[in-house]
Amino acid sequence: MSIALNDLREACSLEVRGKTDGIEIGSLEYDSRKAGPSCLFFCLPGAKADGHDYAPHAYDRGCRAFVVERFLPLPDDAVQLKAEDARRALALLSARFYGNPADSLTVIGVTGTKGKTTTAILISEILCACGIRCAYIGTNGVVIGEKRFETVNSTPESRELHRFFAMMRDSGFTHVAMEVSSQALDHCRVEGIPFDTAIYTNLSEDHIGAGEHASFEEYRDAKKKLFTDYGAKHIIVNADDENAAYMTDGASAEPITYAINHPADYRASQIGSYRDETSLGIDFTLSHNGKRTAIRLRTPGRFSVYNGLAAVAAAQIMGISPELAADALRSISVRGRMEMVDALPGITFIIDYAHNGVSLTSALTVLREYGPRRLICVFGCIGGRTYLRRRELAEAASKLADFTILTSDNPDNERPEDIIEDVLRWFDKSKLYTAIPDREEAVRFAVRTAKEGDIVLFAGKGHENYQIVDGHKVPFSEKSILLDEAEKLMMPV
C-alpha cells in the first residue's frame with residue numbers, strides 16, 4: 001500500500017521544507033535500521049536516544065522524507081516536515097496511512113494501576129461470547145480472533161495500533177477492548193483515537209521514577225487525560241477509589257459508577273469465596289437498576305469483583321444484559337492473571353504476573369483466605385534492575401507462604417545464583433524454602449512436591465512465553481512445563 005505524501009500530511013499541521021509533489025509513501029518508520037526508499041522516517045525524541053541523530057542513517061538507506069521537531073542539515077533532496085510533537089504526528093499520520101481504521105471500530109479503553117489487563121480481557125470475552133466480534137490489545141498481546149501477536153508495551157506505539165486496527169476492520173471485527181497506559185497517554189500513542197467508552201479501575205503509586213513519571217501527580221494526570229481529552233461517549237469509574245472524583249472532573253460524559261463500599265450504578269454485595277477440586281474464585285450479587293444478578297468469577301479476591309463489575313457495566317453499554325454477561329463470566333480465565341491450571345486432582349495451581357512486593361503480597365493474602373493445606377510460592381527476580389523489588393518480594397513470600405521455591409525470572413545478564421543470594425538477604429530464613437536457579441526445574445519440583453489441598457502460586461511470569469537470558473528471549477512456557485510434569489505423575493508406574 002502507498003499514499004501520496006501530500007495527502008498524508010493533511011492529517012496534521014506540518015511546516016514543510018522541500019518539494020512534496022509526486023512523493024509516494026509506502027511505510028512509516030521510526031527505526032533507522034528499517035528505513036528505505038518510499039518510507040517516511042519519524043525522528044522521535046526519547047529518554048535514552050533522539051531519533052534526530054539517526055536521520056542521516058535513514059537517509060543513507062534511501063529514505064528521503066522525514067518528520068522532525070527541528071530542521072536538520074540533510075541534503076537538499078530530503079523533504080522535512082516539521083511538527084511541534086513528532087509523536088503526535090506519528091499517531092495522526094499513522095491513522096491516515098491505514099485509512100482511519102479506528103473510525104470503523106467501537107473502541108473501549110481501560111486505564112488504571114491494577115486491573116487493566118483482566119478488565120479488558122473480560123470485556124472482550126463477554127462480547128465475543130455474546131456474538132459481538134471484539135478484539136483485545138494490552139499486556140497479554142493483541143488478540144484478533146484466533147490470531148495472537150506479542151507486543152512490547154501494554155499500549156503499542158501508534159503506528160502498530162493503527163496497523164492492528166486495520167487488521168481488525170479488514171477481518172470484520174467491530175469492537176476492541178484495549179489497555180491504555182499512562183505512558184501511552186503521555187507520549188501521544190492514542191492521539192486521535194475515537195474512544196467510545198473509557199474505564200477507570202484504580203490508582204496507586206507505580207511507574208514513578210527515572211524514565212517514567214516524575215511524581216504521583218504527574219502519573220495521575222496522565223491517566224486523567226483519557227476521560228477529559230478524547231471525547232468518550234461513556235465513562236465508567238470505580239467509585240470506591242479515592243481518585244475517582246479527580247479523574248472525572250471535567251470529563252466528557254456523565255460517569256457510570258461501580259463499587260463495593262459506596263452507592264453506585266453497579267454495586268456488589270454478598271461477596272463470598274468458592275473452591276472446588278482444582279480451582280477457586282469468588283461469588284457476588286450484582287445490583288443494578290433494582291435488579292439483582294448472581295455473578296461467579298474464576299479468579300479469587302475482592303479485586304476480581306471490581307474487574308467483573310467494570311466488565312459487566314461496559315458490556316451493558318454494548319447491549320449485553322448483566323444476565324448474559326454473568327453466563328459468560330463463569331467460564332472465562334485470563335491468561336497469566338490468577339490463571340487456574342487444572343493439572344492434578346485436589347491441587348490448585350495458579351499462574352500469575354505478580355512481580356513486585358505489592359502484587360505478590362496481594363496474591364498470597366487472597367490465596368491464604370482459601371484455607372490451603374500449604375501455600376507454596378514459586379518466584380524469582382529480574383536481572384540487572386528492580387533491585388528494590390527483591391526485598392519486597394522476599395519479605396512478602398517469607399511472611400505469607402508456607403514454603404517458598406526461589407528461582408529465576410528473566411535473569412538476563414545477571415547470574416540467577418547471584419540474584420537468589422541477593423533475595424535471601426531479605427528472606428526470613430526461619431521459614432521453609434529452597435533455591436532452584438533453573439526455573440523449569442523449579443516448576444517441575446513444585447508440581448512433584450504439591451500434595452492434595454495445597455495451593456501453588458507461580459508468580460512473576462504470568463502470560464510471558466519466554467525467559468530473557470544473556471540479552472536473548474528464550475522460549476519458555478510455564479504452563480506447558482507444569483502440565484507436562486503433571487502428566488508424568490499421572491502415568492501408571
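Please refer to the structure higher up on the page.
The notes below deal with the structure included here.

About the thresholds
Residues numbered from 1 in each chain as written. Predicted model: local features only at pLDDT ≥ 70, side-chain atom pairs only at ≥ 80, totals over all residues. Heavy atoms only, no water. Helix = DSSP H or I, 4+ residues; strand = E, 2+ residues; numbered from the N terminus. Rg over C-alpha atoms; globule rule 2.2 N^0.38 Å. Buried < 20%, exposed > 50% of the residue type's maximum accessible area, 1.4 Å probe, protein only. Contact = heavy atoms within 4.5 Å. Areas by Shrake-Rupley, 256 points an atom, 1.4 Å probe, with all protein chains shown as cover. Lys, Arg positive; Asp, Glu negative; His and termini not counted. Charge placed at Lys NZ, Arg CZ, Asp CG, Glu CD. Polar contact = N/O pair within 3.5 Å; in protein donor to acceptor, adjacent residues only side chain to side chain. Pairing = 2+ DSSP bridges. Axes fitted to C-alpha atoms, helices over the stretch in contact; angles between N-to-C directions. Phe/Tyr/Trp six-rings, centres within 6.5 Å; stacked < 30°, edge-to-face > 60°. Lys NZ or Arg CZ within 6 Å of the ring centre and 35° of its normal. Expected span 1.5 Å × (residues − 1). Arc of directions from axis to C-beta. Parallel < 35°, antiparallel > 145°, perpendicular 65-115°, else oblique. Nonpolar A, V, L, I, M, F, W, Y, C, P; charged D, E, K, R; others polar. Salt bridge = Lys/Arg side-chain N within 4 Å of Asp/Glu carboxyl O.

## Brief notes about the overall build of the protein
Okay, step 1: Within the protein, the secondary structure is distributed over 15 helices and 26 strands.
Okay, step 2: Computed over its C-alpha atoms, the radius of gyration of the protein comes to 24 Å, within 12% of the 23 Å expected for a compact globule of 493 residues.
Okay, step 3: Judged by the C-alpha coordinates and their principal axes, the protein covers about 75 × 60 × 45 Å.
Okay, step 4: Here the protein holds 493 residues, and 55% of them are scored as buried.
Okay, step 5: A fraction of 66% describes how many contacts in the protein between residues 6 or more apart in sequence connect residues 24 or more apart.
Okay, step 6: Accessible area of the protein: about 21000 Å², with a carbon and sulfur share of 47%.
Okay, step 7: In the protein, 57 side chains carry a positive charge and 70 a negative one; their mean positions are 2 Å apart.

## Here we look at the side chain of Thr139
Okay, step 1: Mapped onto the secondary structure, Thr139 falls in the loop between β9 (134–138) and β10 (141–144).
Okay, step 2: When its relative accessible area of 17% is taken as the criterion, Thr139 is described as buried.
Okay, step 3: A distance of 2.8 Å separates the side chain of Thr139 from the side chain of Ser154, its partner in a polar contact.
Okay, step 4: Residues in contact with Thr139, not counting those within four places in the same chain, are Thr117, Ser154, Glu179, Arg337, Tyr353 and His463.

## Regarding unusual backbone geometry
Okay, step 1: One non-glycine residue, Gln270, adopts positive backbone phi at about 50°.
Okay, step 2: Tracing the backbone shows Gln270 in strand β16 (residues 266–275).
Okay, step 3: Even without glycine at this site, Asp470 takes up a positive phi of about 50°.
Okay, step 4: Looking at the secondary structure, you find Asp470 in the loop between β25 (466–469) and β26 (472–475).

## Here we look at the sheet that holds β9
Okay, step 1: In space, the 11 strands of this open sheet follow the order β11-β10-β9-β12-β8-β13-β14-β15-β16-β17-β18, with mixed pairing throughout. Looking at the sheet topology across the chains shown, the edges are occupied by β11 (147–149) and β18 (291–297). Between one strand axis and the next, the sheet turns by 20° as a mean value, whatever way the strands run.
Okay, step 2: Relative to β16, strand β15 (residues 255–259) is paired through 2 bridges, and the arrangement is parallel. Looking at the pairing, Ala259 lines up with Arg267 of β16.
Okay, step 3: Contacts from helix α9 (residues 302–317) reach β13 (195–200), β14 (234–238), β15, β16, β17 (280–288) and β18, with the element oriented near 130° to β16.

## Quick notes on the sheet that holds strand β20 (residues 348–352)
Okay, step 1: The sheet built from 6 strands is open, its strands ordered β19-β20-β24-β21-β22-β23 with mixed pairing. Strands with a single pairing partner mark the edges of an open sheet, and in this sheet they are β19 (339–341) and β23 (432–435). On average, each strand axis in the sheet is tilted by 20° relative to the strand beside it, whichever way the strands run.
Okay, step 2: Looking at chain direction, strand β21 (residues 375–381) and strand β22 (residues 403–408) are connected through 6 bridges and run parallel. Each residue of the ladder has a partner; that of Val378, found in β22, is Ile405.
Okay, step 3: Against the sheet, helix α11 (residues 357–368) makes contact with β20, β21 and β24 (455–459), and its axis sits at roughly 170° relative to β24, the strand it touches most.
Okay, step 4: Those strands touched by helix α12 (residues 387–400) are β21 and β22, and its axis lies near 170° from that of β21.

## Examining the packing of aromatic side chains
Okay, step 1: Under the definition given, this model contains 7 aromatic pairs.
Okay, step 2: With 6.2 Å between their ring centres and 75° between their planes, Phe41 and Phe66 make a pair best called edge-to-face. In this pair, Phe41 sits in strand β5 (residues 39–42) while Phe66 sits in strand β6 (residues 65–68), placing the two residues 25 residues apart along the sequence. Phe66 matches Phe41 in its accessibility class, with the two residues each being buried.
Okay, step 3: For the cation-ring pair, Arg17 lies above Phe71, with the distance from its terminal atom to the ring centre recorded as 4.0 Å.

## A short note on helix α15 (residues 478–490)
Okay, step 1: With 13 residues, α15 extends 19 Å from end C-alpha to end C-alpha; this agrees with the ideal 18 Å at 1.5 Å per step.
Okay, step 2: Buried within α15 are the following residues: Glu478, Ile481, Leu482, Glu485 and Ala486. What you see down the axis of α15 is that its buried residues fit within an arc of 130°, all on one side. Of the residues in α15, the exposed ones pointing more than 90 degrees away from the buried face are Glu487 and Met490.
Okay, step 3: The elements touched by buried residues of α15 are β19, β20, α14 (439–449) and β24.

## Looking at α11
Residues spaced three or four apart along an α-helix face the same direction, because each turn holds 3.6 residues.
Okay, step 1: Its 12 residues place the ends of α11 16 Å apart at the C-alpha level, agreeing with the 16 Å of an ideal helix rising 1.5 Å per residue.
Okay, step 2: Those residues of α11 that sit buried are Gly357, Ser359, Leu360, Ala363, Leu364, Val366 and Leu367.
Okay, step 3: At its buried positions, α11 is contacted by β17, α9, β20, β21, α12 and β24.
Okay, step 4: Two or three places before Val358, at the opening of α11, Asn356 has a side-chain oxygen 3.3 Å from that residue's backbone nitrogen.

## As for the packing of α11 against α12
Okay, step 1: Where α11 contacts α12, the axes come no closer than 8 Å and their chain directions differ by 10°. Here α11 lies roughly parallel to α12, going by the angle between them. Residues Gly357, Leu360, Thr361, Leu364, Thr365 and Arg368 of α11 form the contact with α12, whose participating residues are Glu392, Leu393, Ala396, Ala397 and Leu400.
Okay, step 2: Among the residues forming the contact of α11 with α12, the class breakdown is 6 nonpolar, 3 polar and 2 charged.

## With respect to the pattern of salt bridges
Okay, step 1: On inspection of all chains with the given rule, the structure shows 31 salt bridges.
Okay, step 2: Salt-bridge contacts for Asp50 lead to Arg70; the nearest nitrogen and oxygen are separated by 3.4 Å. You can see Asp50 sitting in the loop between β5 and α2 (55–60) and its partner Arg70 sitting in the loop between β6 and β7 (79–82), a full 20 residues away along the chain.
Okay, step 3: For Asp50, a relative accessible area of 19% translates into the label buried.
Okay, step 4: Among the ionic contacts, a cluster of salt bridges with common partners joins Glu440, Arg444, Arg448, Asp484, Glu485 and Lys488.

So far we have only geometry, and geometry alone does not tell us how the molecule works.
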